[in-house]
Amino acid sequence: MKRRTPHNPLHPRNRQGSAVLLIVLLVLAVTGLGLLTMQQGQQQVTYGMVATDSQRALDVADACAAGAIKTLPFMLDYYLSQASATGVFPPIVNQQFDANFFGYSPFGAAPRAATCVVTIEEVADDAPAPGYSEGGGCFKRVTLRAVATLFSVTPGSLESIDIEQRQNATVRQVVVRGLFGPVSCN
């Protein structure tokens, strides 16, 4: 009759089963960490692209506002006469930029194009600029709004990856207020 020995966890056969189980668990843990790292990397690239789109749209709005500020002193009488005749200010800047305007895309994403419109929001009479002593003419405090829209030019792609706005394009606005004059005092 054979004598039966109690279960011994240190027996070579029992240790092999434990080693296989341990290896399977380690492989699963490493695979999970790898998938998590890939997901975080993809998320960081997406956030980087959103930040790039947002910054580009803001740059376009700033540039258009700067262009309007340079144009407005020479054209303010015209815009004021148009508004008194029609009741509406015509846009100072209404510009479209193609994908070549932005140059190389940093993430190899779809190229972006933009539109920009600058309009006069408000005009109010104001005192002359400090140090202005030439007399004649009136000064106006003018508020401008520059709206830039950035969108994809690749057919079939998402218009924008701006997940914060949940829109199909990235839209940024800049409001500028300044003193302009002298203009005619009508």
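Being a predicted model, the structure only gives us computed values, none of them experimental.

1. Examining the overall build of the protein chain
Now for step 1: Counting secondary structure elements, the protein chain contains one helix and four strands.
Now for step 2: Its helices and strands in sequence order give the protein chain the pattern α-β-β-β-β, from N to C terminus.
Now for step 3: Classification of the 186 residues of the protein chain by burial places 25% in the buried group.
Now for step 4: Across the protein chain, the fraction of contacts at a sequence separation of at least 24, relative to all contacts at a separation of at least 6, is 69%.

2. A short note on the pattern of salt bridges
Now for step 1: Scanning all chains against the criterion turns up three salt bridges.
Now for step 2: The salt bridge partner of R145 is E121, with a shortest N-O separation of 3.3 Å. Of the two residues, R145 sits in strand β3 (residues 138–152) while E121 sits in strand β2 (residues 112–126), which places them 24 residues apart along the sequence.
Now for step 3: The partly exposed category is assigned to R145, whose relative accessible area is 26%.

3. Remarks on the state of the cysteines
Now for step 1: Summed over the entire model, instances satisfying the criterion amount to one disulfide.
Now for step 2: The side chain of C64 participates in a disulfide bridge whose partner is C116; the two sulfur atoms lie 2.4 Å from each other. Separated by 52 residues along the polypeptide, C64 in helix α1 (residues 12–86) and C116 in strand β2 bring together distant segments of the chain. The residues C64 and C116 share a single accessibility class, namely buried.

4. Regarding the sheet that holds strand β4 (residues 170–183)
Now for step 1: Pairing within the open sheet is antiparallel, and its four strands lie in the order β1-β2-β3-β4. Looking along the sheet, the strands with just one partner apiece sit at the ends: β1 (93–97) and β4. Pairs of neighbouring strands in the sheet enclose a mean axial angle of 15°, with direction left out of account.
Now for step 2: Bridge count between β1 and β2: five bridges; the pairing is antiparallel. For V93, the partnering residue across the bridge sits in β2 and is V118.

5. Section: the nonpolar core
Now for step 1: Counting 25 residues, the largest nonpolar core has L72, I92, V118 and L144 as its most contacted members.
Now for step 2: Of all the elements in the fold, those that place two or more residues in this core are α1, β1, β2, β3 and β4.
Now for step 3: A total of 10 residues in this core trace back to one element, the largest contributor, which is α1.
Now for step 4: Excluding its chain neighbours within four sequence positions, the residues that come into contact with L144 are A68, I69, L72, I92, V118, T119, I120, E121, V174, V175 and V176.

6. Remarks on the pairing of β3
Now for step 1: Of the strand pairs in this sheet, β2 and β3 are connected by 14 bridges, and their pairing is antiparallel. Following the sheet pairing, D125 is matched in β3 by K140.

7. Brief notes about the environment of V183
Now for step 1: You can see V183 is positioned in strand β4.
Now for step 2: Sequence-wise, V183 and F74 are 109 residues apart; in three dimensions their C-alpha atoms are separated by 9.4 Å.
Now for step 3: When neighbours within four sequence positions are excluded, V183 is seen to be in contact with L76, D77, L80, G137, C138 and K140.

8. With respect to the packing of aromatic side chains
Now for step 1: Going through the model one piece at a time under the given rule, you end up with one aromatic pair.
Now for step 2: For the ring pair Y78 and Y79, a centre distance of 5.4 Å and an interplane angle of 65° mean the geometry is edge-to-face.
Now for step 3: By relative accessible area, Y78 is classed as partly exposed at 40%.
Now for step 4: Note on Y79: relative accessible area 5%, which makes it buried.

Here is what the cut-offs are and how they apply
The numbering scheme is per chain: residues are counted from 1 as the chain's sequence reads. Under the rules for a predicted model, residues below a pLDDT of 70 receive no local features and side-chain atom pairs below 80 are neither given nor counted, while totals for whole chains, interfaces and linings still include all residues. Only hydrogens and water are set aside when side-chain values are computed; all heavy atoms of the structure are taken into account. Strands are runs of DSSP state E lasting at least two residues, helices are runs of H or I lasting at least four, and both sets are numbered from the N terminus onward. Only protein chains enter the accessibility calculation, which uses a 1.4 Å probe. A residue is then buried if its area is under 20% of the maximum for its type, exposed if over 50%, and partly exposed in between. Contacts are assigned to residue pairs with any non-hydrogen atoms lying within 4.5 Å of each other. Here a salt bridge means any side-chain nitrogen of Lys or Arg lying within 4 Å of a carboxyl oxygen belonging to Asp or Glu. Disulfides are defined as cysteine sulfur pairs within 2.5 Å. Being paired, for any two strands, means DSSP has found at least two bridges between them. Inter-axis angles, ranging from 0 to 180 degrees, are taken between N-to-C directions of lines fitted to C-alpha atoms, where helices are fitted over the stretch in contact. By nonpolar core is meant a set of buried Ala, Val, Leu, Ile, Met, Phe, Trp, Tyr and Cys residues that side-chain atoms within 4.5 Å join together. Two aromatic rings, drawn from Phe, Tyr or Trp (for Trp, its six-membered ring), form a pair once their centres lie within 6.5 Å of each other, and the interplanar angle then sorts them: stacked below 30 degrees, edge-to-face above 60, tilted otherwise.

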